[in-house]
Amino acid sequence: MELRQAFRLNGFLMLGVLVLIVAGAFGILAAVSSGGDNPPAAAGVVLAIAILIGIVILTGFVVVNPNQAKVIQFFGRYIGSVSESGFHWVAPFSSRRNISLRVRNFETQKLKVNDSDGNPVEIAAVVVYQVVDSYKAAFAVDDYEDFVQTQSETAVRHLATTHPYQSDEAEGTSLRNGSEVAEELTVELRERTGLAGIEILEARITHLAYAPEIAQAMLVRQQAAQVVAARSRIVEGAVGMVGMALDRLAEQGVVELDEERKAAMVSNLLVVLCGDRATQPVVNTGSLYN
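Residues numbered from 1 in each chain as written. Predicted model: local features only at pLDDT ≥ 70, side-chain atom pairs only at ≥ 80, totals over all residues. Heavy atoms only, no water.

A. Molecular detail of the overall build of the chain. When its secondary structure is counted, the chain shows 7 helices and 10 strands. Burial statistics for the chain: of 290 residues in total, 30% are counted as buried. Within the chain, contacts between residues at least 6 apart in sequence are counted, and of these 68% link residues at least 24 apart. Here the chain displays about 18,300 Å² of accessible surface, and carbon together with sulfur accounts for 56% of that area. (Helix = DSSP H or I, 4+ residues; strand = E, 2+ residues; numbered from the N terminus. Buried < 20%, exposed > 50% of the residue type's maximum accessible area, 1.4 Å probe, protein only. Contact = heavy atoms within 4.5 Å. Areas by Shrake-Rupley, 256 points an atom, 1.4 Å probe, with all protein chains shown as cover.)

This is the structure in structure tokens:
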């Protein structure tokens, strides 16, 4: 079975019909009671019919709030849903179940999972979802809210095990790539929750960190990687500056340097440019003694 609209009538119209039936019943009751043969028996029959019809009509009234759906069942059989807000009249003696169509969000617990490199990490995500099929939400699963939460935690765990916390490759996807990871998590959750009539609007990582037992070691590793990267940039720039200096000296003919003096100059410049401390110049004034 699929989602379908239940038969319904305007509630105010049926309320007017109920008032007319009650008024007519009392009118007939008054007329029968005022004359004719055996008035008590006739009055009782008219009153019983009016009460029966009134009860049948009264059991069909239903109020639907905005962004809400009523799932209608008639003696256990699904006969449709009403998602249009207002005052309606549906099949009498039917049961109705409220399904909220509002946008909801929740945050998963902080899960401790091993990433693809085997490092334990803590990860959590926020999921924004909405019910789009009231029939599936009511009958496909026991509780669609618990179903979404369980599937969300499962998807987050799966995501964490398929990506590293931080990728050393330029083209690799890591858990720290927010937009790419969020899109992948959203797609996976849509596949997992579609059977429950749920549409995942957004899923995004809200917490990501190394587990406490390795956090300090990983911090030292990250600092070392940053130092190496910074040193590489410094060396690359220093080599370019030394080459430019030698080329400019040769072009302008300021000084003629042999290979030994060039090597000494290159060594001195690299020490100055690549050192992590301020250099102290030494001025050669020549020998004081002949």
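B. Geometry of the sheet that holds strand E6 (residues 95-100). An order of E4-E3-E6 is seen for the 3 strands of this open sheet, with the pairing classed as antiparallel. The outermost strands of the open sheet, each flanked by one partner alone, are strand E4 (77-82) and E6. Put simply, the sheet's adjacent strands are angled 25° from each other on average, direction ignored. Pairing geometry for strand E3 (residues 68-74) and E4, over 5 bridges, is antiparallel. By the bridge assignment for E4, Gln 73 is matched with Tyr 78. (Pairing = 2+ DSSP bridges. Axes fitted to C-alpha atoms, helices over the stretch in contact; angles between N-to-C directions.)

C. Looking closely at helix H4 (residues 144-162). Taking 1.5 Å per residue as the helical rise, H4 with its 19 residues ought to reach 27 Å, and the 27 Å between its terminal C-alpha atoms agrees with that figure. Along H4, the residues that are buried comprise Tyr 144, Phe 147, Val 148, Gln 151, Ser 152, Ala 155, Val 156, Leu 159 and Ala 160. The N-cap residue of H4 is Asp 143: its side-chain oxygen and the backbone nitrogen of Glu 145 are 3.0 Å apart. (Expected span 1.5 Å × (residues − 1). Polar contact = N/O pair within 3.5 Å; in protein donor to acceptor, adjacent residues only side chain to side chain.)

D. Focus on the sheet that holds strand E1 (residues 9-10). Strand order in the open sheet formed by 3 strands is E1-E5-E2, and the pairing between neighbours is antiparallel. Unpaired on one side and paired on the other, E1 and strand E2 (61-64) mark the two borders of the sheet. Bridge analysis of E1 against strand E5 (residues 86-89) gives 2 bridges, and the strand direction is antiparallel. Bridge assignment links Asn 10 to a residue of E5, and that residue is His 88.

E. Molecular detail of helix H5 (residues 178-193). In this model, H5 (16 residues) spans 22 Å end to end at C-alpha, consistent with the 22 Å of a helix rising 1.5 Å per residue. Of the positions making up H5, those classed as buried are Val 181, Ala 182, Leu 185, Thr 186, Glu 188, Leu 189 and Thr 193.

F. Structural view of the packing of aromatic side chains. Per the stated rule, a full pass over the model turns up 8 aromatic pairs. Here Tyr 135 and Phe 139 contribute two aromatic rings whose centre-to-centre distance is 5.3 Å and whose plane-to-plane angle is 50°, an arrangement assigned as tilted. With a gap of 4 residues between them, Tyr 135 and Phe 139 both fall in helix H3 (residues 134-139), about one helical turn apart. (Phe/Tyr/Trp six-rings, centres within 6.5 Å; stacked < 30°, edge-to-face > 60°.)

G. View of a nonpolar patch on the surface. There is a patch of nonpolar side chains on the surface, built from Leu 47, Ile 51, Ile 55, Phe 74, Phe 75 and Phe 93 and spanning about 600 Å² of accessible area. For the nonpolar patch, the element with the highest residue contribution is helix H2 (residues 39-58), accounting for 3 residues. Looking at where Ile 55 falls in the secondary structure, it is placed in helix H2. (Patch = residues over 30% accessible without salt bridge, like charges linked within 9 Å, V, L, I, M, F, W, Y side chains within 5 Å. Salt bridge = Lys/Arg side-chain N within 4 Å of Asp/Glu carboxyl O.)

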